[in-house]
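Coordinate inspection notes
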Amino acid sequence: MSRRPIIGVFDSGFGGLTVLRELVALIPDADYFYFGDTVRLPYGSKSADTVARYAVGATNYLESHGAEMLVVACNTATALALPQICASAHVPVIGVVEPGAESAASTTMSRKVSVIATDATVSSHAYFRALQARGIEAREKACPLLVPLVEEGWIDHPVTEQVARIYLQEAFIDGFEAADVLLLGCTHYPLLKPLLRRVAPAHVAIVDSAESTARVVADRLKTYPFPAPSAKERRTAPSLRFFATDSVEKFRRLGAMFLGHAVEEVQHVDLKE
Ligand code: DGL
C-alpha cells in the first residue's frame, strides 16, 4: 500500500516554520508534524547541555508519534545537540548547519563567508567548522536582538533596520570586507531577507539555510524506501499537524507570520522532564 512519509520538524518555537514552509513547497508528497518548544524558547541564550536535553525530549516525542524522518530546523539545536539527537533517534535526522554551509560554500567566490546567528550557535562555532571543512573562511556574528524583533513582527521596521546595520557592519570587518556571502544561521532571519538585502553590502549574496535544508531533505527522501505516493495522494495537499509546549493560541497567531498562512490543528504538549 502506498503512503506518504511523515516528516517531523523540530524547533525551539515558531522560527522553524520558515523551514517547514520550504519543505512543504519542495516536498508536497509528504505529511508533516511540527514541534515548537515555545515554553522553553529561546534556545539561543541557553547552555549546550540544556539545549541537548530539551531537543532530545522533543525529537523523541515526534518519533514516538510516527515521524519517519526528523528535521532539526533550529540552528541552535543543530549546532549544540545534533550528535545527541542522532544518538537517541531511530530514524534519519537532518540538521540545518551542514546544508547551510554547503550552500554557502558553493556560492562564495571569495571563499569568505559571514554567518549571523544566535549567541549559542556562534559560541559553538558549528558553522565555522562546517565552512572550514570546505576550505572556506568564516566570520561569525551573534545577532541576539533580531529574534525578539522578528517575533514582535518588526520585520520591516526602522529600529530593526538600524540594529541589523550595526550587526552587519561588524560582520563584514577585520578582513571580511571581501566576504561575498551572508549566511542566515537562524530560523528567524529569512523573514528579514528584504531588510537584510537593503543593509548588506551590494556584492553580497544571501544564503538561507532553510532553503538548502529542504533540498537536502528532498534528496535524502529519494534514498529511503518510503513507498511511492498514489496518484490520489499526490493530488492531496500535505497534512500539517502542530505541537506546541506553550499557548496554542499564541502559536496560531505568531505561527501564521512565519508559515505564511493560517496555522490549524495545534495541540498543546506538556513534556514532563
Ligand atoms: N530557532 C533558533 C535558531 O534557529 C532561534 C530562536 C531561539 O533562540 O530559540 O537558532
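Small disclaimer: the values here were computed from a predicted structure and weren't measured.

Right, let's get into the packing of aromatic side chains. Per the stated rule, a full pass over the model turns up 11 aromatic pairs. Plain terms: the ring middles of Y34 and F251 are 6.0 Å apart, the flat faces sit at 50° to each other, and that makes the pair tilted. Of this pair, Y34 sits in strand β2 (residues 31-36) while F251 sits in helix α12 (residues 248-259); the two residues are 217 residues apart in sequence, bridging distant segments of the chain. One exposure class covers both Y34 and F251, and it is buried.

Following the sequence through the fold, S103 ends up in helix α4 (residues 97-107). Contacts of S103, omitting those with residues within four sequence positions, involve V207, S212 and R215.

Moving on, we get to the site of the ligand. Near the ligand there are 13 residues, and of these S12, Y43, G44, T76 and T187 occur at the shortest range. Between the ligand and D11 there is a distance of 3.0 Å, counted from a nitrogen atom to a side-chain nitrogen or oxygen. A distance of 2.7 Å separates an oxygen atom of the ligand from a polar atom in the backbone of Y43. Computed on the free molecule, the ligand has an accessible area of 290 Å², of which 99% lies beneath the protein chains in the complex. Considering only residue class, the shell around the ligand consists of five nonpolar, seven polar and one charged.

A separate point is unusual backbone geometry. Omega for the peptide link from L41 to P42 comes to -5°, which places this bond in the cis form. Note that P42 resides in the loop between β2 and α2 (48-64). You will see that R111, though not glycine, has its phi angle at about 60°, which is positive. Looking at the secondary structure, you find R111 in the loop between α4 and β5 (112-117). With a phi angle near 50°, E265 is a residue other than glycine that sits in the positive phi range. Mapped onto the secondary structure, E265 falls in the loop between α12 and β10 (266-268). You can call E265 exposed: its relative accessible area is 54%.

Of all five residues making up strand β9 (residues 240-244), four are buried, and the element is well covered by its neighbours. Pairing of β2 with β9, which is carried by five bridges, proceeds in the parallel orientation. Across the sheet, G36 pairs through a bridge with A244, a residue of β9. Relative to β10, β9 is paired through three bridges, and the arrangement is parallel. Looking at β10, one finds that A244 is bridged to H268.

Two elements in contact, helix α1 (residues 17-26) and helix α10 (residues 209-222), have axes whose closest approach is 8 Å; the angle formed by their N-to-C orientations is 45°. Our classification of the angle between α1 and α10 gives oblique. α1 and α10 meet at a crossing whose hand is right-handed. In this structure, α1 uses T18, V19, E22, L23 and L26 to contact α10, whose residues at the interface are A210, E211, A214, R215, V217 and A218. Class assignment for the residues of the contact of α1 with α10 results in seven nonpolar, one polar and three charged.

Thresholds applied
Residues numbered from 1 in each chain as written. Predicted model: local features only at pLDDT ≥ 70, side-chain atom pairs only at ≥ 80, totals over all residues. Heavy atoms only, no water. Phe/Tyr/Trp six-rings, centres within 6.5 Å; stacked < 30°, edge-to-face > 60°. Helix = DSSP H or I, 4+ residues; strand = E, 2+ residues; numbered from the N terminus. Buried < 20%, exposed > 50% of the residue type's maximum accessible area, 1.4 Å probe, protein only. Contact = heavy atoms within 4.5 Å. Near = heavy atom within 4 Å. Polar contact = N/O pair within 3.5 Å; in protein donor to acceptor, adjacent residues only side chain to side chain. Areas by Shrake-Rupley, 256 points an atom, 1.4 Å probe, with all protein chains shown as cover. Nonpolar A, V, L, I, M, F, W, Y, C, P; charged D, E, K, R; others polar. Pairing = 2+ DSSP bridges. Axes fitted to C-alpha atoms, helices over the stretch in contact; angles between N-to-C directions. Parallel < 35°, antiparallel > 145°, perpendicular 65-115°, else oblique. Left-handed = near helix turned anticlockwise from the far one by under 90°.

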